[in-house]
Structures are given as C-alpha cells and as structure tokens.
There are 2 protein chains.
Amino acid sequence: LRAKILGSAAGGGFPQWNCACSNCSRLRQGGLRGAARSQAQLALSADNESWWLVNASPDLRAQIEATSALHPRKGVRQSPIEGVVLTSADADHVLGLLLLREFHPLRLFATAAVRRMLLEDNSLFRVLDRFAGQSAWTEVVPSRTFSLEEGISVMPLSLPGAFPDYVPALRRTALTREEAVLALVLQSSCGKRMLYAPGLPRVEPEFLALAQDCELLLVDGTFWSDDELRRVRGSGPTAREIGHVPISGPGGTVEVFAGVRRPRKIYIHVNNTNPVLDKESAEYRQVRDAGWEVAQDGWEFEF
Amino acid sequence: LRAKILGSAAGGGFPQWNCACSNCSRLRQGGLRGAARSQAQLALSADNESWWLVNASPDLRAQIEATSALHPRKGVRQSPIEGVVLTSADADHVLGLLLLREFHPLRLFATAAVRRMLLEDNSLFRVLDRFAGQSAWTEVVPSRTFSLEEGISVMPLSLPGAFPDYVPALRRTALTREEAVLALVLQSSCGKRMLYAPGLPRVEPEFLALAQDCELLLVDGTFWSDDELRRVRGSGPTAREIGHVPISGPGGTVEVFAGVRRPRKIYIHVNNTNPVLDKESAEYRQVRDAGWEVAQDGWEFEF
C-alpha cells in the first residue's frame, strides 16, 4: 500500500488568501523556515496503477498536476483516479469533487449522511451525473470494513463530530450524527495499518488502542492551542468547539498520544496560524521532541 | 482602470487533470511552445487598492497567491478583494466563491437567476453567510449599468445562452432565460471601455457594434472548431451546442469580428484542446494574422 500526501494544510491552505498572520506574512516574504502547503489530501494505491483519493480538497487540480502518478496514462481522456472516500462533508474535504467533473467515471464512498448533505441539498453535484454511471456511490457504515480494491481495505470509525455549519437545520434532524465525521484505518494486504484522522473532535480510549496497533498515524494537527483562532482573528470559536483537539495543553494530542509509541506519528491538516509550521519555533521543537512530525505536501509512505 | 488576467483557460484549466490530448501531453512533457493556464479569472481595480473579481474560478486560491496586489495589506485578517461580479452560474465561474469563505465580507453582483441557481439549490453557499453582512448581494439587471466603485462602471449585456447543465429542470422554469449568461462592458472614469465575454453563445449585430466602441475585447476563445470536443473525446456536443462560438470556420469569431478593427482583440477562456495554445501551430499563426492575441495568465491592462 502506497500513500501520498498531496496536501497537508487545513481549510484555506497555507498561506491563506485573507490572512496576514505571522506565519502567512513571513511565508509570502520568504522569511519563514517552513513550506507552503495545499489543503489536506491523501492518495492511495496498492499497485501503483490505480489510485484512490481520501477526500477531495479544493486544491485538487494543482495537486493532481504536481503528482505524475496521477496523470492520464492510457488513452486521450483517462485518469488513474478510480474514486474517492470521504471522511466528512466539510467544504475543504468535498469541494474537489466538483473539480473531477470532466466526464470521468468515479466510485464514491461516503456515509449516507455525507452523501445526502452533498447531493440532496446541492444541485452543483449534478456535474458528477452527466452520463449514466459517471458517479457510483457506495454507502459507508461506521465500523464496517470495506475494500477499495485488492490490497486496500478500509475500516471507517465514527468520531464524535458535528455536521458542517453550512448544513441546514432541517436536514440535520434527518441525519445520523454518527455518520458526520469518520477516521479511516487503511490496511494493506500484509496486514499493516495506517490511521487517517484529519479532523479529530475528541480522543476516545478505543481510538488510542486502535492507534497503538498502526504503523503510521496521520492525525489532526489543525491548531496548536484551543484559543488560536480567537487570538488571530480577535474573536471566534475555540479549536474544540469546531471539532479539533489542539496539539498542546491538557488533553491535547501530544499529551493524549504520549503512550502510543509504536506508530510513526504525523500531524496533518495544519492550520495556517499554527506555530508548528515554523521550523524555528519552540512549538515545532516541542512536537518533534514529543515524537511527532509535521506533514508536508509530497510526502510518501509504503507499508 | 487596471485589469489583470489571473486565469485564461476554460473549465478544467490547461493541462486538464484527465486529458492526454496532444496539447496536454506535450505541456506535461515540456514539449509544447505554450504556457500552462489556470481557469479564466479577471480582476479589476480603479485605485490599485481595492480589487473586484469578475467571476470566481476554481483556481482562485492559487491565482490570489500568485498576485501580490491581492494579498492582505491592512491588518491580520484582511483582503483587498471587495467583491465579485458573476457573468453566469457555470461551475468554472462560481466555484471560487466557495474558496472565499474565511469570514471575509464580500459584495456580490449577479442576476436574480444566477443568485437563485446558486443560493436556493446549494446549501454549500451558506459558507458565505456565517455572520451578518458576510455576503451582500446586488441584483444585476441586463442592460442596466451599475458602478462597482468610483471609476469602474459595468454595463451587463444579456447573451443568448443557456443555464448550466447542473440546474434542475424545475428550477429552470422559474428563471428568466435572459439572465443566464452576460457579457460585461467595463468602463473607466475617462470613458474607455473593455468588453469581457468569456462565454459567447452567439454574436448579435448589436454586440459587434458595441465591440467596435471598445479599447479591448476579451472574448470566448474556448474552441478552435465546432467539432473539437467530439474529435478528442470520441463523442460529445458541438462547441455551439454548449454555448461557444468557435474561433474558426464560417460564422466563427475570426470571421465575425473581422470588421472590428479598433480594439485590441484577445481570446480568453481557451480550452485545453484548442490548437491556438501551441505557438508553433498553424492555427496560432492564423489567429495572430487575423489580429487576435491569445491571453496568458498574468497579463495586465490599463485604460
């Protein structure tokens, strides 16, 4: 199983178009020891021929072009991209679907709730339905393992997360809350496992036990601290209020995952305001000392 | 009035993710004399301080980052982007709105039909409505001139175009066809005019008369020939069937605009399959000999 990180930033990317925080300003001016990052995007392949996307970021067009394995190889209109697995209906995880609209057949895996939030309330998704069989949806049921193809099995875990803000109140009442946010355990044919959780609203004990069993964790590194957004914007919700356990502080992921020692631990979905994006920051040293890495676009893994 | 072309390609961009036509393949391999292009996007400013977007392309995040005039300059969360004028509800003209979702106030100008196709049938657009006053919509009425700010007046022209494919049948019946597709005549304070028509379904005599009165035309250069898509994909609609007068052939824009001699004439919204993207092609020479240029990302104009 090969996994490529095509994007490692949270929604908005790094830098973010309307942000001049210390990170974004220094990055634009060339004064930051740290890399620009596009919005979180993972791609998987068992045979290096066909590829599966985990979520579909708004930066997907550029991410595909930057990745030669994802370029067409057979015929004039073709793509090695077979389909997409969605972990939520968050805008930064789904907008890229609308970029895959050029008459290419896609297999789409999502919970019933995620599919309904997208298809039933958004006519734009009809761009994926311009010919019979363009998009084929498969329902994902939390805790029920499914296979993308020989050599890629996926175990979806329900996380205690919320529906995105944009979902109308009436729609919410008709949906199953357990289907709002997933983490995925991706398993290769030799039984090695990787955990993908770009949004982690809370860490339950079972989640930690599962993490201990993996070779690789790609985990929500959106915010360094719970009040990070509020400090940059002057107001706003806490990290936990919008579904992200922060990295630092009591109950933060550094502390909570301290006992998880076997897997390689990597933060992904890192917000532009997060000080760990600066390799010269104390915060970056702290996460490195705690055994974590901070994902960058283009990283690859095989297991 | 300053105008910047942030993107010059048609929907899908150049290269297009699932295309290995002669243009796309040679561009990826470095064997094409021609530039990569992001999806059509125009930005306007009268004072070089505040900027207005014409349409909102799916590539907008990268387009903003590539344009220092559009970076934040005043405060930690800020943008010189004041708002957006929409010429249609086509996916490649509107998806970028969903990228401008980071709590930034925006003024949005669209016909009632375009606004309804987006807002009433797509819950995702609620990301632009997360606080009171985040998005302020102004109705555009064909042929009624409006002003974006001192020094930028806009005359919207109804074009004989269709609603996008994704719009449900029931919605179509409730909309005014004349509000589906617009061209814009942009006028500076000194009375100089530019015509922007990235989608041109048909050329009416009044349109030609108006074009003659402008300094600059940015006109639909999507397809070289009427059967271009069919030839690349093996099947599909003609250029005219999907709202684009082709460049070549009888009734094509080279022929139809031959008598329009005053303005600088530039093709924009160029599809990845169009041979004019190759500067060594006979077709490129033909349009240049006919007095046309082919837009590239980053071009700027002042008038």
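Residues numbered from 1 in each chain as written. Chains lettered and ligands numbered in written order. Predicted model: local features only at pLDDT ≥ 70, side-chain atom pairs only at ≥ 80, totals over all residues. Heavy atoms only, no water.

1. With respect to the interface of chain A and chain B
Contact residues are listed per partner, giving 57 residues for chain A and 57 residues for chain B. With both chains or domains summed, chain A and chain B bury close to 4800 Å², and 56% of this area falls on carbon and sulfur atoms. It is A:Trp17, A:Arg61 and A:Arg77 that lose the most area in chain A upon contact with chain B, and together they represent 20% of the buried surface on that side. If you look at where chain A meets chain B, you find six salt bridges. For the pair chain A and chain B, the number of links is 27 residue pairs in polar contact (both at pLDDT 80 or more). For the side of chain A that touches chain B, the per-class residue count stands at 27 nonpolar, 16 polar and 14 charged. (Contact = heavy atoms within 4.5 Å. Buried area = accessible area lost by both parts, 1.4 Å probe. Salt bridge = Lys/Arg side-chain N within 4 Å of Asp/Glu carboxyl O. Polar contact = N/O pair within 3.5 Å; in protein donor to acceptor, adjacent residues only side chain to side chain. Nonpolar A, V, L, I, M, F, W, Y, C, P; charged D, E, K, R; others polar.)

2. Some remarks on the state of the cysteines
All names here are of chain B. Counted according to the given criterion, the structure contains zero disulfides over all chains. Of all cysteine sulfurs in the structure, the one in cysteine 21 sits closest to cysteine 24, which takes part in no disulfide; the separation is 3.8 Å. When its relative accessible area of 0% is taken as the criterion, cysteine 24 is described as buried. (Disulfide = S-S within 2.5 Å. Buried < 20%, exposed > 50% of the residue type's maximum accessible area, 1.4 Å probe, protein only.)

3. Structural notes on the packing of aromatic side chains
Under the defined criterion, the tally for this structure stands at twelve aromatic pairs over all chains. Each ring, one from A:Phe207 and one from A:Phe257, has its centre 6.3 Å from the other, and the planes form 85°; the classification is edge-to-face. Here the residue A:Phe207 occupies a position in helix 6 (residues 205-212), and A:Phe257 occupies one in the loop between helix 8 (253-256) and strand 12 (264-268), the gap between them amounting to 50 residues. Geometrically, the ring pair formed by B:Trp52 and B:Phe109 is edge-to-face, given 6.0 Å between the ring centres and 70° between the ring planes. Of this pair, B:Trp52 sits in strand 3 (residues 51-54) while B:Phe109 sits in strand 5 (residues 106-110), placing them 57 residues apart in sequence. Across this residue pair, the class does not change: B:Trp52 and B:Phe109 are buried. Taken together, A:Phe207, A:Phe257, A:Tyr267 and A:Trp292 form an aromatic cluster joined through their ring pairs. Above the face of the A:Phe103 ring, B:Arg233 is positioned so that its terminal group lies 4.0 Å from the ring centre. (Phe/Tyr/Trp six-rings, centres within 6.5 Å; stacked < 30°, edge-to-face > 60°. Helix = DSSP H or I, 4+ residues; strand = E, 2+ residues; numbered from the N terminus. Lys NZ or Arg CZ within 6 Å of the ring centre and 35° of its normal.)

4. Thoughts on the environment of A:Leu53
Note that A:Leu53 resides in strand 3 (residues 51-54). Linking A:Leu53 and A:Arg233, residues 180 residues apart in sequence, is a C-alpha distance of 32 Å.

5. Notes on the sheet that holds strand 5 (residues 106-110) of chain A
Two pairing modes exist for strands in a sheet, parallel and antiparallel, and in both the strands are linked by backbone hydrogen bonds. Residues and elements named next belong to chain A. If you walk across this open sheet you meet the seven strands as 6-5-4-3-2-1-14, and the pairing is mixed. In this open sheet, the two edge strands, each paired with only one partner strand, are strand 6 (135-139) and strand 14 (300-302). Strand-to-strand, the axes of this sheet are offset by a mean angle of 20°, without reference to chain direction. Both strand 1 (residues 2-7) and strand 2 (residues 41-45) contribute to a ladder of five bridges, which runs antiparallel. Note on strand 2: the bridge partner recorded for alanine 3 is leucine 44. Contacts from helix 4 (residues 112-119) reach strand 5 and strand 6, with the element oriented near 145° to strand 6. (Pairing = 2+ DSSP bridges. Axes fitted to C-alpha atoms, helices over the stretch in contact; angles between N-to-C directions.)

Function cannot be read off these values alone, since they describe shape.
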